[in-house]
Structures are given as structure tokens and as C-alpha cells.
Amino acid sequence: MTLLKGSAVAVPLADGSWRELTLRAPGEWVDHPEPYRSRVAFAAAHVIADPRGENVPGAPAAVDWDATLGFRRHLFRYGLGVAEAMDTAQRNMGIDWPAVQELITRSAAQARELGARIASGAGTDHKDELTTLAEVTDAYAEQIAFVEGAGSQVIIMASRHLAKIAASAEDYRQVYDSLLGQVTEPVILHWLGEAFDPNLRGYWGSTDVPTATATFLELIKDHAAKIDGVKVSLLSADHEKGLRAALPEGVRLYTGDDFNYPELIKGDGEHHSDALLGAFAAIAPAASAALAALDRDDHDGYDQAMAPTLELSRHIFAAPTFYYKTGIAFTAWLSGLQDGFTMIGGLQSARSPIHLGRIFELANEAGLLPDPELAAHRLALVLETAGVRR
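Predicted, not measured: the structure shown is a model, and the values here were computed from it. (Residues numbered from 1 in each chain as written. Predicted model: local features only at pLDDT ≥ 70, side-chain atom pairs only at ≥ 80, totals over all residues. Heavy atoms only, no water.)

A. Spatial organisation of the packing of aromatic side chains. Tallied over the full model, the rule gives 18 aromatic pairs. Each ring, one from Y172 and one from W204, has its centre 5.8 Å from the other, and the planes form 45°; the classification is tilted. Taken together, the residues Y172 in helix α5 (residues 169-182) and W204 in the loop between β7 (187-192) and α6 (209-222) connect sequence positions 32 residues apart. Each member of the pair, Y172 as well as W204, is classed as buried. Taking 6.3 Å as the distance between ring centres and 65° as the angle between the ring planes, the aromatic pair formed by F196 and F317 counts as edge-to-face. Note that F196 is positioned in the loop between β7 and α6 and F317 in the loop between α12 (310-316) and α13 (324-334), a separation of 121 residues in sequence. With respect to burial, F196 and F317 carry one shared label: buried. Put simply, the rings of Y140, Y172, Y176, W191, Y203, W204 and F216 pair up and form one aromatic cluster. (Phe/Tyr/Trp six-rings, centres within 6.5 Å; stacked < 30°, edge-to-face > 60°. Helix = DSSP H or I, 4+ residues; strand = E, 2+ residues; numbered from the N terminus. Buried < 20%, exposed > 50% of the residue type's maximum accessible area, 1.4 Å probe, protein only.)

B. Spatial organisation of the nonpolar core. Core analysis: the largest hydrophobic core is formed by 124 residues, its most contacted members being I156, Y176, L189, Y203, I265, F280 and F360. Considering every element that reaches this core, the biggest residue donor is helix α10 (residues 284-295), with eight residues. Excluding anything up to four places from it in sequence, Y203 contacts Y140, M157, A158, S159, L162, A163, Y172, Y176, W191 and A212. By size, the runner-up hydrophobic cluster in this structure holds eleven residues, among which are V40, A83, I155 and Y254. (Core = buried A, V, L, I, M, F, W, Y, C linked by side-chain atoms within 4.5 Å. Contact = heavy atoms within 4.5 Å.)

C. Structural detail: the pairing of strand β9 (residues 252-255). Sheet topology note: the strand β8 (residues 227-233)/β9 ladder contains four bridges and is parallel. Within β9, the residue paired with G229 across the bridge is R252. Sheet analysis places β9 next to strand β10 (residues 274-277), joined by two bridges and oriented parallel. The partner of Y254 across the bridge, within β10, is D274. (Pairing = 2+ DSSP bridges.)

D. Geometry of the packing of α10 against helix α11 (residues 299-306). Where α10 contacts α11, the two axes come as close as 7 Å, and the packing angle between them is 170°. Taken together, α10 and α11 sit at an angle that is classed as roughly antiparallel. Residue-level inspection shows A286, A287, A289, A290, L291, A293 and L294 of α10 in contact with α11, the latter providing H299, G301, Y302, A305 and M306. When grouped by side-chain class, the residues that make up the contact of α10 with α11 number ten nonpolar, two polar and no charged. (Axes fitted to C-alpha atoms, helices over the stretch in contact; angles between N-to-C directions. Parallel < 35°, antiparallel > 145°, perpendicular 65-115°, else oblique. Nonpolar A, V, L, I, M, F, W, Y, C, P; charged D, E, K, R; others polar.)

E. Region of interest: the sheet that holds strand β4 (residues 81-84). Spatially, the eight strands close up into a barrel ordered β3-β4-β5-β6-β7-β8-β9-β10, and their pairing is parallel. For this sheet, the mean angle separating the axes of adjacent strands, direction not counted, is 25°. Relative to strand β6 (residues 153-156), strand β5 (residues 118-122) runs parallel, the two sharing four bridges. Pairing of A122 across the sheet is with I156, part of β6. In this fold helix α2 (residues 97-114) packs onto β4 and β5, with an angle of close to 165° to the strand it touches most, β5.

This is the structure:
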């Protein structure tokens, strides 16, 4: 089946019909390897599976290291830091601790070589069972030491073990007070909401978000000198605006809101969010253009570059949100940034052909397909394999 006819492409819809599209020329994106003056921005990067590897559910991760590092060079090319070994890289969803260690080591070395910024996730996922707060603290400390030793900034990720064991806000404080007393450089704290990982429901000791936020803020204020910033992924713009206004001076709020990031990064004239986003892995050239516009105080230019990406991000992160990683990998494949649409753990099967067709459509509308005809050909391959025929 050939979907490409000149510049016309059809994408399938859930009701059995098809929508005709016109391939759009890619945006005239400009390289910007330097960091930005007005915002700090990280892209949470995915890993690229070895297409010859046994990347089936439950198997050890087989990673294509050359392609994975090549994707990070793509992000550095646009002035973005890399948030490494986060949930975007399939932490707790396929990538195991040996692969995480190699990923952080390789990526941190590349960042040093290129003079780029990197921060890497430290958690407790290298342990199968933990039963006490002391064991959770020790597991965290082991990963933190590894990340620091690799030469990367530390992101203290939310822990499934801690969420399971902790009986109160005080239990969270006990663990985090100990960790923040040990770190050598300021870290980023990550509050990942249950939309991204249902196992983290009730983090910080309460399912009531204002109550959990109060605990979180108390921790930040008590350790402000050891905290570079906080990454919050609750998908609530109002909550984020309130939290960032309450943070101590010098502590950044790195938005993790893939549904509302344009307005949050732009700010309200008094406060703004910096960025640590999985979405930026899919929209790096447009995000770069938008951030460069902010550096010039060109708010119209910012809107023109960033606004067309939002519907794409919201679709990639649609419920069940924790499968957004499939959309990130698919976008990279459409863009020619990886050779195959294969993921560790077989996660390429986590989204439907209809969902993937819509990603193609929205990436095309945003001018994010560097080679639209290649992208159309690759979409056709996926649809044909799935048996979606016109």
C-alpha cells in the first residue's frame, strides 16, 4: 500500500474513514547549541532499542548506544540540556539498572565533551524488595553516588518503594532529609504524579494535593541551598503557578506539564517556569526557536514557534499518559533520528495505529518532520503491518 501520492497523504481515523493531508515543508529551524539566557531547559530523552536485540517484555534492555547518543547530540544541537535516565527512558518500564548505569556514564561523558548540561535520575529501582525507610534511603544513596560519580547533576526521582512503605508525611521527610544532607551539589527534586505512574499515588504522604504540596514546600524551604529546582509533573497549570510563587528565592520550578508548558514557560510577568519535559524530545527544533525568541523578548515569536506544538504534545501524552514514551520514539523514527520503531520491553505496541497516525498529522502541521516523504513512507509501513488498509 502506498499512501504518498505526490504531496497527498491519508491517515486513518477510528471510525474507519481516512483524512487527506498535504505534506508540509519542514520549519526553517536554526541550530542553537548555546544555552538560553532567559530559561533553563532540559529535554527528557528516550533510549533507542537495538533492533536486533531481544527487546521483549521482561528481557534485559538491549540498547542501540550509537543511535541513543546520536539522539542526545540532536538535543544538544538545539541548546537543550538532557534529563537522562528518567521515566522517558523507560525507568520502571523496561530499562534495567545495568543499562541505566551505562546510559548515564556514556551520556555524561558526551555532555562533558560537548560542554552541554546533563542531569540524571537517581531512584531505588535497582532493588527488588525494600521493607524499611533505612533500606530506601540506602538504595537512593547508592544511585545518587553513582550519578555524582559519573559527573552528572542529580535528579532525585520519586520512588515506588517509598510510596509503598511510607505511612505518613514524616516518613517522606525522614528519607529526603537524610538524602539532601548527603548530596554534594544542588539537586533537582522530581514529583511525578500518578497520571505518569499510578504506583506513586499519595506521594509526600497524602492523596490531597494541597496537603502533599505543603509537605513538599516545607522540605524545599528547609534544604533550599541543596536544591537547584523542582520538577513537577501533576498536569495542573494552576497548581504549578501557585507552587512556583511560593518557592524560596533561587529554587527553580522546572515544568513537567506536557499539557500546558507554553504558558508556564512564558510566564505571567512576575513568575515563570523553566523546563524539564519529555515533550521537548519530540519538539526540540521548535522549542529552541521559541526559547531563542524569549531571549530576544520577542513574545510573538515565542508563541509562533511554541503554540503549534501543544496539540501534538497533548496527543502524545494522552491517557494512559505513562505510554507517552511510544509517541516520543515514533516521532524520532518519523524524523529519521532512529532507524527502527522498536522499543525495549516491546513498548512500541503500547499505542494504536490510529493514535500514531494522528502523531504524524500533528507533527506535519507543526513543521517538525525534516523529511516529510520519509515520514509518510514510514507511517505507511506501520499501517500496512497493522493491517490498516484503505
